[in-house]
Amino acid sequence: MSALLECRGLDAGYLKGRPVVRGFDVELQAGQVTALLGPNGAGKTTVMITVAGLQPSLDGEVLVDGEALARGSARAAARKGVVLVPDDRALFTGLTTRDNLALCRRRGGTTIDEVLDFFPSLRKRIKVEAGKLSGGEQQMLAVGRALMLDPRVLLIDELSMGLAPVIVEELLPIVRRVATETNAAVVLVEQHVHLALDVADHAVVLAHGATVLSLPAADLRADPSVLENAYMGETSAAVR
Amino acid sequence: MLHIGFLLLGLGSGAVFAALAVALVVTYRSSGVVNFGTGALALLAAYFYAFLRKGELLIPIPGFDRSVPIGGDPGMIPSILITLVISALFGVLLYLVVFRPLRNAAPVAKAVASIGVLLIIQAAIAAQVGTQAQSVAPILPKDVVELFGIRIPVDRVWFAAIIVAVGVLLTLWFRFTRFGLATRAAAESEKGALVSGLSPERIAVANWAISAAVAGLAGILIAPIVPVVPSAYTLFIVPALAAALVGNLTALGPAIAAAFAIGMLQSELTYLQSLWTWLPANGTAQLVPLVVILVFLVFRGRPLPSRGAIVQRSLGRAPRPRNLLIPAVAGTAIAVIALLVTSGGTRAGVIFTLVYAFLGLSWVVVTGYAGQISLAQLALAGVSAFALNRFAEGWGVPFPFAPLLAALAATVIGVLVGLPALRIRGLPVAIVTLALAVAVEALWFRNTDWNGGLGGAPIGAPTLFGIDLGIGSGEAYPRLSFGLMCVVLLLVVGLGVAALRRSRLGAAMLAVRANERSAAAAGIAVSRTKITAFAIGAFIAGIGGALLGYAQTLATADAFTAIGGLGLFATVYIAGVTSLAGGIVAGVLAPGGILYTVLNDLFSLGYWYDIVAGIGLILTVIAEPEGIVGPWHRMVDRLHDRFTQQPERAPEAYDESFLDDAAAVESGGPAVPATPATAAPFGDVVLRVDGLGVRYGGVVAVEDASFDLREGEIVGLIGPNGAGKTTLVDAITGFAPSTGRIELLGRDVAGVKPHRRMWAGMGRTFQGIELYEDLTVEENVSVGQEAGRHGGPHTDWSQDEDYMARLFRVLKLDDVRDRPVRELSQGHKQLVSVARALAGRPRVILLDEPASGLDSTESAWLGRRLRAVRDYGVTILLIDHDMGLVLEVCDRVVVLDLGTVIADGPPAVIRADPKVTAAYLGTTHSPVVTGS
């Protein structure tokens, strides 16, 4: 099976010569959920916004269907179906739920109704301004808005940002369902490591900008100590 | 009845203002630019139209032919359409060339660039077609209809109706079309637009085309009514800005209504000027926008909506002068030698360089240090010059006192104009200062009752102890003694500005410039700091104005025009508005300064000066916010680093190094002195919150919250997202209005301003950290000391050593003291923000999510540091999502849910409390119940 999206030797960061993430490689398959894990400051968000084209890469390539994406072009990424749900959600807070979704509607694409089937509780909030939704509803809307764009690669950054664990527990299975039903490749950056591993097929662990682990999620579920070592081992190594 | 007639006449200018206000709103909403050049766009369109009707196509580029013939007048409607298309294309060009590169810049930087646009258009038109008024054949029916004895000018009514129709159409379009929806969406979150597959740039391009066409329409339709004169049209922007501000730069309806009100009031005042002799003979019309802006800002002001942009560039660094002796001696020597070796016009150039340097320095203080964009410094200089005439010639006040009094008069006006800045920051300050400059020019400098008539207001030569310090006349002009006096005064003022930058007040100004909220949290009196900056800046400008008056031996309106003030602002910005050196270099570049004089002798600059200044201003804003002196400062810094032999350590080397202590703990080494959670017996209540409530509109954010903090306690404040934790902290520290009692050490502080609560012994951090990214760690932290300097109860850590040294040691910040904060990791920034809050020696500190962005190792380490801080007697209220940290570190935990306290007790009890579990884990009232 050939990869839907591939990063080859990606250097990501904000200043030339000072990459936050170095030599990042990953292959994403359709319908699979990949958990991108790692301690804070590891560079997970930087990878996400670079792949989505919000930030030009410093080196390396992002390929979709084997074709390289233009550096730092969010539109080029969006055209190829690479869609980001940013950690701050970046909703249009003054617009209603419906308008937020409607803006992303494409001819012949996913309909608002289909998105609401994933998030039924948004249905009764359809006329409410996005800024007045609860945190969980806002996150649903952010994911829903991304789904309107018929993503082939869905990048979800910090789904749990500012949400109570119980809400995260409800949202993650929906993400799994999205991957299965729309056959999109999903990348999940998540603080709640174990919740993320429950729904993921594959896991990549970053520490200090380098990939320290890349393996099936099941392996990490089976032996959590591997992950703890990746988190803690790397940290204490850096301390010395 | 005549009154109504004049009010109706005002519909014409009201319509222009309305159209320009619409253009301003459209541009601001789509790209965050307050385009000061909107009036200039109308001017351009008016000329295009006028030339088309003469059968010519205007080429507004100096150096080319004025126009090319197009074989006859295309007729009225085609000419209008052609002009509108050209206007729209020009708007697109402006966006692509000037504002697209600035799309991530702060709104103030964009507005400054638009001032460059204004200068370029205005000067280019003046260069190509001169400043003679052009007359244009009527477009709208010119009849006058009499109705109930009122003479109604039909063209004005038509004009008004057209503009109102345009406003209504645009409103409907923005509300009901997909494009309008996309525009509103992109205005709210650019990032959101990008991830939604929308192109904020295409949206901006389309909106720029619309706004430029609307401005162009205004220019075309007003051309037959008001004779086309470059500066008059350009300054239509002031009433238009006033109107747009009434609509908060976002709402079309109120902006249009306000524009008509301003236009009609102006017309009526012009009539009253002739009727009531006690009114000033000139300039009351220009007073209207100023009053509207002031009234609006003072009574209804709220912050302009800002766009959720991805990054925001700051004003350039304001370097701290290291060594004053060498630059002062060298600068003085250069100035004196330049005066000695020159004569005649060139020496005058040196003298004007020195004089304009005062104005440069006044901008450095107000804009460079305090971050307030003032466009009125030249007008304030004018106030001083005209006041000097009054004091010295009118009342015979002797030399050193007359100019000082004059500068004080400028200070008074400067403080008055700075008052709105107390409530509102950023752009409105630029708008109100421009309105002031226009009003003062019209009302005073051009008012023949007060300006000394056609010959200007004479200012005699200054003499001190019988020595003539005047600039002289005839063969003696310019006399050396006047130049030397300027050198001495500039040396004094320059050293004063350097001392200001190094002082606490200077640090406070930079803190205010960087972030007003966190400045207040550091105990800085934000309002007082800003007003002080305005006062100092106005005083320096006043001295410059008095010297300019002496140098010209009279005060004339032409030396102090509002447009001239914009040009000089551009010059200072180009030179480097954030540093002392930039202020001085501004004098060299200023019109009349030495460089100008030399170049003018060689090439005859004429309008090219303004054009180059405009282009330079835009380039400076885009490429080098520190101005011409920026690269020089960086070179000096590098040399300094090399000579002081500081090892160049890669910033990464610092990252996480503060965790050394954690490693020590893991390896069994001695830890910091940290007490177990329940060791210390707690003292008296230091903070009591009683029945606290916060409402935003109809939403209850916090309701009847009550709890106590006892001395030496660490209390955790937890609760699910949206429970109101941050709001509660904001209310306790004075950043959100609240009801109920807040007692700090027995004193009720509810209703007390934030910085005064800090003086009284509080400290806080922010969820977003909110540090001053450009300042070093040490500078950041030392800003926080302000809170401890105003008496009041504070902790005393400093029994045995320097408090700051101990603070840096306890928080393990020693290694990074001299690094700019922007280079630090998230974890380090959190610590710096805690250190800044502690620098004011608070008795109680409220930490808003200090562990966000930290991994579990780091947050455990932070917990131990907080214990260490507590051991020095600081009571801590800790908000965090990291339950591990809260339950581990805190002596007691308060649980907030839906704005009310639902539990309060030791961690073990809280952990077991079913109410708490329900709030966190239960779904009983969780707003997110999926319908499955």
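Residues numbered from 1 in each chain as written. Chains lettered and ligands numbered in written order. Predicted model: local features only at pLDDT ≥ 70, side-chain atom pairs only at ≥ 80, totals over all residues.

Looking only at helices and strands, one finds nine helices and 10 strands in chain A. Whereas a compact globule of 240 residues would reach a radius of gyration of roughly 18 Å, chain A reaches 17 Å, a difference of no more than 12%. Across the 240 residues of chain A, 52% fall into the buried class. Sequence separation of at least 24 residues holds for 69% of the intrachain contacts in chain A that already meet a minimum separation of 6. (Helix = DSSP H or I, 4+ residues; strand = E, 2+ residues; numbered from the N terminus. Rg over C-alpha atoms; globule rule 2.2 N^0.38 Å. Buried ≥ 20, exposed ≤ 12 C-beta atoms within 10 Å, placed from the backbone. Contact = placed C-beta atoms within 7 Å.)

For chain B, the count of helices and strands is 36 helices and 18 strands. Counting across all 932 residues of chain B, residues that qualify as buried make up 55%. Long-range contacts, defined as pairs at least 24 residues apart, comprise 77% of the intrachain contacts of chain B with a sequence gap of at least 6.

Residues and elements named next belong to chain B. The N-to-C vectors of helix H5 (residues 154-176) and helix H11 (residues 252-275) enclose an angle of 165 degrees; their axes lie 10 Å apart at closest approach. Taken together, the axis directions place H5 and H11 in an arrangement best described as roughly antiparallel. For H5 against H11, the interelement crossing comes out right-handed. Mapping the contact onto sequence places Ala160, Val164, Gly167, Leu170 and Thr171 in H5 and Leu252, Gly253, Ile256 and Phe260 in H11. (Axes fitted to C-alpha atoms, helices over the stretch in contact; angles between N-to-C directions. Parallel < 35°, antiparallel > 145°, perpendicular 65-115°, else oblique. Left-handed = near helix turned anticlockwise from the far one by under 90°.)

Residues and elements named next belong to chain B. Reading across the sheet, the six strands line up as E14-E15-E16-E11-E17-E18 and stay open at both edges, with mixed pairing between neighbours. Whereas interior strands pair on both sides, the edge strands pair on one side only; in this sheet they are strand E14 (762-764) and strand E18 (900-905). In this sheet, adjacent strand axes meet at a mean angle of 20 degrees when their direction is disregarded. Across five bridges, strand E17 (residues 892-897) lies against E18 in antiparallel orientation. Along E18, the bridge assignment pairs Val893 with Gly905. With respect to the sheet, helix H28 (residues 725-733) is in contact with strand E11 (714-718), E14, strand E15 (844-848), strand E16 (875-879) and E17, its orientation differing from that of E15 by roughly 150 degrees. (Pairing = 2+ DSSP bridges.)

The next subject is the nonpolar core. Counting 405 residues, the largest nonpolar core has Leu188 of chain A together with Ala19, Leu20, Ala21, Val22, Ala243 and Leu878 of chain B as its most contacted members. Once you skip the residues sitting within four places of it in the chain, Leu878 of chain B turns out to touch Ile714, Val715, Gly716, Leu717, Leu847, Leu866, Val886, Val889 and Cys890 of chain B. (Core = buried A, V, L, I, M, F, W, Y, C linked by C-beta atoms within 7 Å.)

With that settled, consider the pairing of E15 of chain B. Residue and element names in this part refer to chain B. Counting buried positions along E15 yields five of five residues, so the element is predominantly enclosed. Taking every second residue as pointing to the same face, both faces of E15 are buried, with Val844, Leu846 and Asp848 on one and Ile845 and Leu847 on the other. As defined by bridge partners, E14 adjoins E15 across three bridges and the pair is classed as parallel. Bridge assignment links Arg764 to a residue of E15, and that residue is Leu846.

This paragraph deals with the packing of helix H22 (residues 562-576) of chain B against helix H25 (residues 608-623) of chain B. All names here are of chain B. At their nearest, the axes of H22 and H25 sit 9 Å apart, and the two run at 45 degrees to each other. Compared by their axis directions, H22 and H25 come out oblique. For the pair H22 and H25, the crossing hand works out as left-handed. Across the interface between the two elements, Gly567, Ala570, Thr571, Tyr573 and Ile574 of H22 pack against Asp610, Ala613, Gly614, Gly616, Leu617 and Thr620 of H25. Of the residues assigned to the contact of H22 with H25, the class counts are five nonpolar, five polar and one charged. (Nonpolar A, V, L, I, M, F, W, Y, C, P; charged D, E, K, R; others polar.)

What follows concerns the confidence of the model for chain B. All names here are of chain B. Residues of chain B with pLDDT of at least 70 account for 89%, and the chain-wide mean is 82. Element-level pLDDT for chain B is lowest in helix H27 (residues 660-666), with a mean of 43, against a maximum mean of 93 in helix H3 (residues 76-99). Taken together, the stretch residues 307-313 has pLDDT below 50 and engages in 23 contacts with residues farther than four places along the chain or on a different chain. In this model, residues 922-932 is a region of pLDDT below 50 whose contacts with residues beyond four sequence positions or in other chains number 22 contacts. For this predicted complex, the interface score ipTM comes out at 0.88, while the overall pTM is 0.81. (pLDDT = per-residue confidence, 0-100.)

The next subject is the pairing of strand E7 (residues 153-157) of chain A. All names here are of chain A. Among the five residues that make up E7, five are buried, leaving the element largely enclosed by the rest of the structure. Of the two faces of E7, both are covered, the one formed by Val153, Leu155 and Asp157 as well as the one formed by Leu154 and Ile156. Bridge analysis of strand E6 (residues 82-85) against E7 gives four bridges, and the strand direction is parallel. When the sheet's bridge partners are listed, Val82 is paired in E7 with Val153. Across five bridges, the pairing between E7 and strand E8 (residues 185-189) is parallel. When the bridges of E8 are listed, Val153 appears paired with Ala185.

When the pLDDT values of chain A are averaged, the result is 85; 93% of them are 70 or greater. Contacts from residues 233-240 of chain A, a stretch scored under 50 in pLDDT, to residues over four places away or in other chains number 16 contacts.

With that settled, consider unusual backbone geometry. All names here are of chain A. Of note, the phi angle at Asn183 is positive, near 60 degrees, even though the residue is not glycine. When you line up the elements, Asn183 lands in the loop between helix H6 (165-182) and E8. Classification of Asn183 by C-beta neighbours within 10 Å gives partly exposed; the count is 13.

Residue and element names in this part refer to chain A. Taken in spatial order, the four strands make up an open sheet running E2-E1-E4-E5, and their pairing is antiparallel. Edge positions in the open sheet fall to strand E2 (21-28) and strand E5 (67-68), since each of these has one partner strand only. Here five bridges tie strand E1 (residues 5-12) to strand E4 (residues 59-64), and the two strands are oriented antiparallel to one another. For Cys7, the partnering residue across the bridge sits in E4 and is Val62. In this fold helix H1 (residues 44-51) packs onto E1, E2 and E4, with an angle of close to 120 degrees to the strand it touches most, E1.

This paragraph deals with the environment of Ser211 of chain B. Residue and element names in this part refer to chain B. Along the chain, the position of Ser211 falls in helix H8 (residues 200-222). Along the sequence, Ser211 and Val25 sit 186 residues apart, while their C-alpha atoms lie 8.4 Å from each other. The contact partners of Ser211, leaving out residues within four places of it in the chain, are Ala23, Val26, Thr27 and Gly91.

Inspection of the secondary structure puts His828 of chain B in helix H32 (residues 826-839). Sequence spacing of His828 of chain B and Ala407 of chain B is 421 residues, and the spatial spacing of their C-alpha atoms is 46 Å.

Okay, the environment of Ala90 of chain A next. All names here are of chain A. Within the secondary structure, Ala90 is located in the loop between E6 and helix H3 (97-102). The exposure class of Ala90 is buried, given the 22 C-beta atoms found within 10 Å. Taking the C-alpha atoms as reference points, Ala90 and Gln138, 48 residues apart in sequence, are found 9.7 Å from one another.

A few words now on H1 of chain A. Residue and element names in this part refer to chain A. With eight of its eight residues buried, H1 lies for the most part within the structure. What H1 keeps buried is the set Lys44, Thr45, Thr46, Val47, Met48, Ile49, Thr50 and Val51. Directly beyond the C-terminal end of H1, a positive phi value near 85 degrees is found at Gly53.

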